[in-house]
Amino acid sequence: MSRPVLLLCRLMVAVVSLALWHFLTTVPVFGRILLPPFFFSNPVDVASQIVDWFVRGTIWKHLLITLWESVLAFTIGSVAGVVVGFWFARQPRVAAVFDPYVKMANALPRVVLAPIFTLWLGLGIWSKVALGVTLVFFIVFFNVYQGVKEVSPTVLANGRMLGMSERQLTRHVYWPSALSWMFSSLHTAVGFAVVGAVVGEYLGSAAGLGYLIQQAEGVFDVAAVFAGMFVLSAFVILIDLLVTFVERRLLVWRPDGAGGHG
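My aim in this report is to walk through the structure given alongside it, one point at a time. (Residues numbered from 1 in each chain as written. Predicted model: local features only at pLDDT ≥ 70, side-chain atom pairs only at ≥ 80, totals over all residues. Heavy atoms only, no water.)

### Thoughts on the side chain of Thr 25
Next, step 1: For Thr 25, the position within the fold is in helix α1 (residues 3-26).
Next, step 2: One polar contact links the side chain of Thr 25 to the main-chain carbonyl oxygen of Trp 21, over a distance of 2.8 Å.
Next, step 3: With near-sequence residues (within four places) excluded, Thr 25 lies in contact with Ile 33, Leu 35, Pro 37, Phe 40, Ser 41, Asn 42 and Pro 43. (Helix = DSSP H or I, 4+ residues; strand = E, 2+ residues; numbered from the N terminus. Polar contact = N/O pair within 3.5 Å; in protein donor to acceptor, adjacent residues only side chain to side chain. Contact = heavy atoms within 4.5 Å.)

### Section: a nonpolar patch on the surface
Next, step 1: Together, Ile 76, Val 112, Ile 116, Leu 119, Trp 120, Leu 121 and Trp 126 make up an exposed nonpolar region whose accessible area comes to about 760 Å².
Next, step 2: Here the element with the most residues in the nonpolar patch is helix α6 (residues 110-121); it accounts for five residues. (Patch = residues over 30% accessible without salt bridge, like charges linked within 9 Å, V, L, I, M, F, W, Y side chains within 5 Å. Areas by Shrake-Rupley, 256 points an atom, 1.4 Å probe, with all protein chains shown as cover. Salt bridge = Lys/Arg side-chain N within 4 Å of Asp/Glu carboxyl O.)

### Topic: the packing of aromatic side chains
For any pair of aromatic rings, the description rests on two quantities: the centre-to-centre distance and the angle between the ring planes.
Next, step 1: Taken as a whole and assessed by the stated rule, the structure comprises 13 aromatic pairs.
Next, step 2: Between Phe 38 and Phe 39 the ring centres are 5.1 Å apart and the planes differ by 90°, which places this aromatic pair in the edge-to-face class. Comparing Phe 38 with Phe 39 shows no difference in burial state: the two are exposed.
Next, step 3: Among the aromatic residues, those joined into a cluster by ring pairs are Trp 87, Phe 88, Phe 98, Phe 137, Phe 138, Phe 141, Phe 142 and Tyr 145. (Phe/Tyr/Trp six-rings, centres within 6.5 Å; stacked < 30°, edge-to-face > 60°. Buried < 20%, exposed > 50% of the residue type's maximum accessible area, 1.4 Å probe, protein only.)

### Some remarks on the packing of helix α3 (residues 43-56) against helix α4 (residues 58-90)
Next, step 1: Packing of α3 against α4 leaves a shortest axis separation of 4 Å and a crossing angle of 90°. It follows from the interaxial angle that α3 and α4 lie roughly perpendicular. For the pair formed by α3 and α4, the contact residues are Trp 53, Phe 54 and Arg 56 on the first element and Thr 58, Ile 59, Trp 60 and Leu 63 on the second.
Next, step 2: The residue makeup of the contact of α3 with α4, split by class, is five nonpolar, one polar and one charged. (Axes fitted to C-alpha atoms, helices over the stretch in contact; angles between N-to-C directions. Parallel < 35°, antiparallel > 145°, perpendicular 65-115°, else oblique. Nonpolar A, V, L, I, M, F, W, Y, C, P; charged D, E, K, R; others polar.)

Written as structure tokens, this is what we have:
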């Protein structure tokens, strides 16, 4: 499928979804509206709320705070995940010792950790960053670990036969293999970094998109709740596009059509 056709199909899905939403919340079917506007709002009211936020400028402060928290969580969690994942994959004994503890830590429910981070780090940005890091780290860690472990034994044997040192193998064999898996995980990690920031804001904050949504829920302003979610979704897509751009620059060696791993 060509790119213009793909973009057109995506646009059609959005248009049909919004039209259906508007129809079900505004037009009576068999004498009654199937989706009551009080609970589901409608696209027109939601769009009006988004426009109002941007025109009045009230959204910018919240966006910048959530962006800063998400970027910090994404960067710290990704770097830590890459370093630890690569180290564990190259040191099987270390991985064997810490394996049960990594699985235990990954199994902890993040929503339970949010109040603990707030207690430790306060209501500022760092409690939100910490929550985002716990979400991002394990996604990147497991993918990088698997990417290094998946290196072809034949390629390794050929490299060693050609006299490559461990350092050269790391640079020219292990690292390129891990990169593909790493960027595959980063696309997912972007969303989780934002989720961590927003959930933290929702549970306790004075600013940010999560705070904005929480305030709207408190006064039963459904249009503002949906508006916050739409802004959040667009926000995640923009960051993901940036990750895709960086991925294409770093993975120029990968042939077209070679997808990532999940």
